[in-house]
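Listed below are the residues making up each chain.
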Amino acid sequence: MSAPSETSALPQALEAARAVALATGLPYAGGVTPPLAWQLFSQEQALLVDVRSGEERKFVGHVPGSLHVAWATGTALTRNPRFVRELEAKTGKDTPVLLLCRSGKRSALAAEAAAKAGFTQVFNVLEGFEGEIDTHGHRGTDDGWRFHQLPWIQD
C-alpha cells in the first residue's frame, strides 16, 4: 500500500472525527470505529499502525498490510521510548494515521504522544483489535476489530 497523500484534504469521515475531537477536548485528531478504519485503510486513505507488542500481533492476530510500531514491549508492556521516532520514520507527521491496539486505550495514549510530537492527523481506532472485556471476562464478544468480522490473520 502506498502512503496516503500528505497534501490532500482529509476524507470527510476523518474531518467529522476531528470535529468531535475538538468539541470534546481530545488531545489528538480523533477516534474512528473499526469498520471506518478498515474502509479508510483498504481505500488507501489512511495508514493503519498496530501499536500492540510484537507478541500480541503474532499470537492474537493482526490486520494484513498494517504497519507495526510497538507503544510498549514485552510481557510487562514496558513503554517504548522510541515510539514517536519509529512512527515518524514509517508514516511521516502529516499522513493520516490510524492507531490500533487491543482495546483502544494504549492507542489513545500513543495518539496523544504523537500529537504532542507534532503529528497532525493521528487517529485512535476505538474498540481496538479485541474490544473491551465483557461481564464474563472475555474480549471480542461486544466490540473490537475481530467482533466486526474485519480482515485479520494470525501467524
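Located above this text is the structure these notes cover.
None of these values were measured; they are calculated from a predicted model.

Pairs may arise between side chains of opposite charge once their charged atoms sit close together. Inspection of the entire model under this criterion finds 7 salt bridges. For Arg106, the salt bridge identified is with Glu56, shortest N-O distance 2.8 Å. With Arg106 in helix H5 (residues 105-116) and Glu56 in helix H3 (residues 54-60), this pair connects stretches of sequence that are 50 residues apart. Comparing Arg106 with Glu56 shows no difference in burial state: the two are buried. With a shortest N-O distance of 3.4 Å, Glu112 and Lys116 are connected by a salt bridge.

So, about helix H4 (residues 83-91). Restricting attention to buried positions, one finds in H4 the residues Phe83, Val84, Leu87 and Thr91. Take H4 and look down its axis: the buried residues cluster within an arc of 90°, on one side only. In H4, those exposed residues whose orientation departs by more than 90 degrees from the buried face are Arg85 and Ala89. Summarising the contacts, the buried residues of H4 are in contact with strand E2 (47-50), strand E3 (67-68), strand E5 (78-79), strand E6 (97-100) and H5. After H4 finishes, the residue Gly92 shows a positive phi value of roughly 80°.

Moving on: the packing of aromatic side chains. Under the defined criterion, the tally for this structure stands at 4 aromatic pairs. The ring of Phe59 has Lys58 lying over it, and the distance from NZ or CZ to the ring centre is 5.9 Å.

Okay, the sheet that holds E3 next. The strand order across the open sheet formed by 5 strands is E1-E7-E6-E2-E3, and the pairing between neighbours is parallel. Single-partner strands in this sheet number two, and they are strand E1 (30-32) and E3. Pairing geometry for E2 and E6, over 4 bridges, is parallel. Within E6, the position partnered with Leu47 by the bridge is Val97.

What follows concerns H5. Compared with an ideal rise of 1.5 Å per residue, which puts 12 residues at 16 Å, H5 spans 17 Å between its outermost C-alpha atoms and is within 8% of the ideal. Along H5, the residues that are buried comprise Arg106, Ser107, Ala108, Ala110, Ala111, Ala113 and Ala114. Along its buried surface, H5 packs onto H3, E5, H4, E6 and strand E7 (122-125).

Rules used in this analysis
Note that residues are indexed from 1 along each chain, following the sequence as it is written. Whole-chain, interface and lining totals are the exception, using all residues; otherwise, since this is a predicted model, local features are given only for residues with pLDDT of at least 70 and side-chain atom pairs are given and counted only at 80 or more. Hydrogens and water are ignored here; the side-chain numbers use all heavy atoms of the structure. Any carboxyl oxygen of Asp or Glu within 4 Å of a side-chain nitrogen of Lys or Arg constitutes a salt bridge here. Strands are runs of DSSP state E lasting at least 2 residues, helices are runs of H or I lasting at least 4, and numbering of each runs from the N terminus. Only protein chains enter the area calculation, which uses a 1.4 Å probe; residues under 20% of their type maximum are buried, those over 50% are exposed, and those in between are partly exposed. In this context, the arc is that of the directions from the helix axis out to the C-beta atoms. Contacts: residue pairs with any heavy atoms within 4.5 Å of one another. Any pair of Phe, Tyr and Trp rings, taking the six-membered ring for Trp, is counted once the centres come within 6.5 Å. Such a pair is stacked with planes under 30 degrees apart, edge-to-face with planes over 60 apart, and tilted for the rest. Our definition puts a charge over a ring when NZ of Lys or CZ of Arg is within 6 Å of the ring centre and also within 35 degrees of the ring normal. Paired strands are those between which DSSP finds at least two bridges. For a helix, the expected span equals 1.5 Å multiplied by the residue count minus one.

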